Amino acid sequence: MDDLRAKGNDFFKKKMYQEAIDQYSKAIDLCEPNSENVGTISSNKAACYIQLKNYDSAIEAADICIRCRPEWVKGYFRKAGALLAKGNLDDAEKNYSLALKYEPTNTDIGDSLTDVRAKIKERNTKTTPASCKTAKDAKLIGNSLFGSGSYEEAITYYTRAVELSEGTDDPDRATYFVNRATCHAQTSSYGQVICDCGNALEINPNNAKAFLRRAMAYEGLGKWQKALDDYNAVISRGQSNPQVAAGAARCRKNVNDTY
């Protein structure tokens, strides 16, 4: 295995990337499945694929690296580079952030993260809701703005996604309403939250996130029974967690106190 990996490294240095990939693949075949060696060699393969501009294969190889060595920065760094080359700024940013989490003093990663965030900011500044031609594009900008705390702006993009998906079979249409509801929750606009979650549930009656967001809005308005009903709907759909259980307990107590 070591000899094959060494041959792959030699081919890489000579910029013979496909030949390097072939050697790395043979080396992986001799490794214990999901071992650290598989992770390391898969990172090397990802680097080769990036040089060949085969970014999808680079991402696949990087994912294997991440699975085998989840706390090693190279898998995230390689994946981020491939995603960036494909123009997927937001997922590239996520992977650079993960890489920096594990190696916070790495200046190469830090500089790459700064650069991609600048590109995202520039894209968001230049884009308008009207310029988004697909609901997916509008959601992408909305998610980015939400992540930066620009809730009012994010709402305009989720609204655009709702408009563009109207009358279609877009499987994410309910998500656009839930995401917009989440923005409204940040500004305590509980009536809007309830309305958007209701629209989402008309599309998908089993959307646990819509029940949860609406439960929290009802709770914010002091409508304890309605909030409890929605918390219970989340629980009955197998989506309970400590937050949901605590919310249900609060509402149950308030309902009992009312009577």
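Read on for an overview of the structure. (Residues numbered from 1 in each chain as written. Predicted model: local features only at pLDDT ≥ 70, side-chain atom pairs only at ≥ 80, totals over all residues. Heavy atoms only, no water.)

**Digging into the packing of aromatic side chains**
Next, step 1: One pass over the structure, following the stated rule, counts four aromatic pairs.
Next, step 2: Ring centres of F12 and Y17 lie 5.4 Å apart, and the angle between their planes is 70°; this geometry places the pair in the edge-to-face category.
Next, step 3: Against the face of W72 rests R69, its NZ or CZ located 4.1 Å from the ring centre. (Phe/Tyr/Trp six-rings, centres within 6.5 Å; stacked < 30°, edge-to-face > 60°. Lys NZ or Arg CZ within 6 Å of the ring centre and 35° of its normal.)

**Regarding the side chain of N207**
Next, step 1: Here N207 shows up in the loop between α11 (190-203) and α12 (208-220).
Next, step 2: Taking relative accessible area as the criterion, N207 reaches 12% and is therefore assigned buried.
Next, step 3: A polar contact is formed between the side chain of N207 and the backbone nitrogen of A210, at a distance of 3.0 Å. (Helix = DSSP H or I, 4+ residues; strand = E, 2+ residues; numbered from the N terminus. Buried < 20%, exposed > 50% of the residue type's maximum accessible area, 1.4 Å probe, protein only. Polar contact = N/O pair within 3.5 Å; in protein donor to acceptor, adjacent residues only side chain to side chain.)

**Details of the nonpolar core**
Next, step 1: Core analysis: the biggest nonpolar cluster contains 37 residues, and A200, A210 and Y231 have the highest contact counts within it.
Next, step 2: Contributing elements (two or more residues each) for this core: α8 (135-147), α9 (151-165), α10 (173-186), α11, α12, α13 (224-236) and α14 (242-258).
Next, step 3: The contacts of Y231, once residues within four sequence positions are left out, are L212, A215, M216, E219, V244, G247, A248, R250 and C251.
Next, step 4: L4, I21, C31 and L83 belong to the second largest nonpolar core, which has 28 residues in total. (Core = buried A, V, L, I, M, F, W, Y, C linked by side-chain atoms within 4.5 Å. Contact = heavy atoms within 4.5 Å.)

**Quick notes on the pattern of salt bridges**
Note on pairing: side chains with opposite charge can pair once their charged atoms come close.
Next, step 1: By the definition in use, this model includes ten salt bridges.
Next, step 2: A salt bridge links D91 to K94; the shortest N-O distance between them is 3.7 Å. Of this pair, D91 and K94 are both found in helix α6 (residues 89-102), three residues apart, which corresponds to roughly one turn of the helix.
Next, step 3: Two residues, R180 and D196, come together in a salt bridge whose shortest N-O distance is 2.7 Å. Highlighted residues: R180 in helix α10 and D196 in helix α11, separated in sequence by 16 residues. (Salt bridge = Lys/Arg side-chain N within 4 Å of Asp/Glu carboxyl O.)

Any functional reading would require information that these geometric values do not contain.
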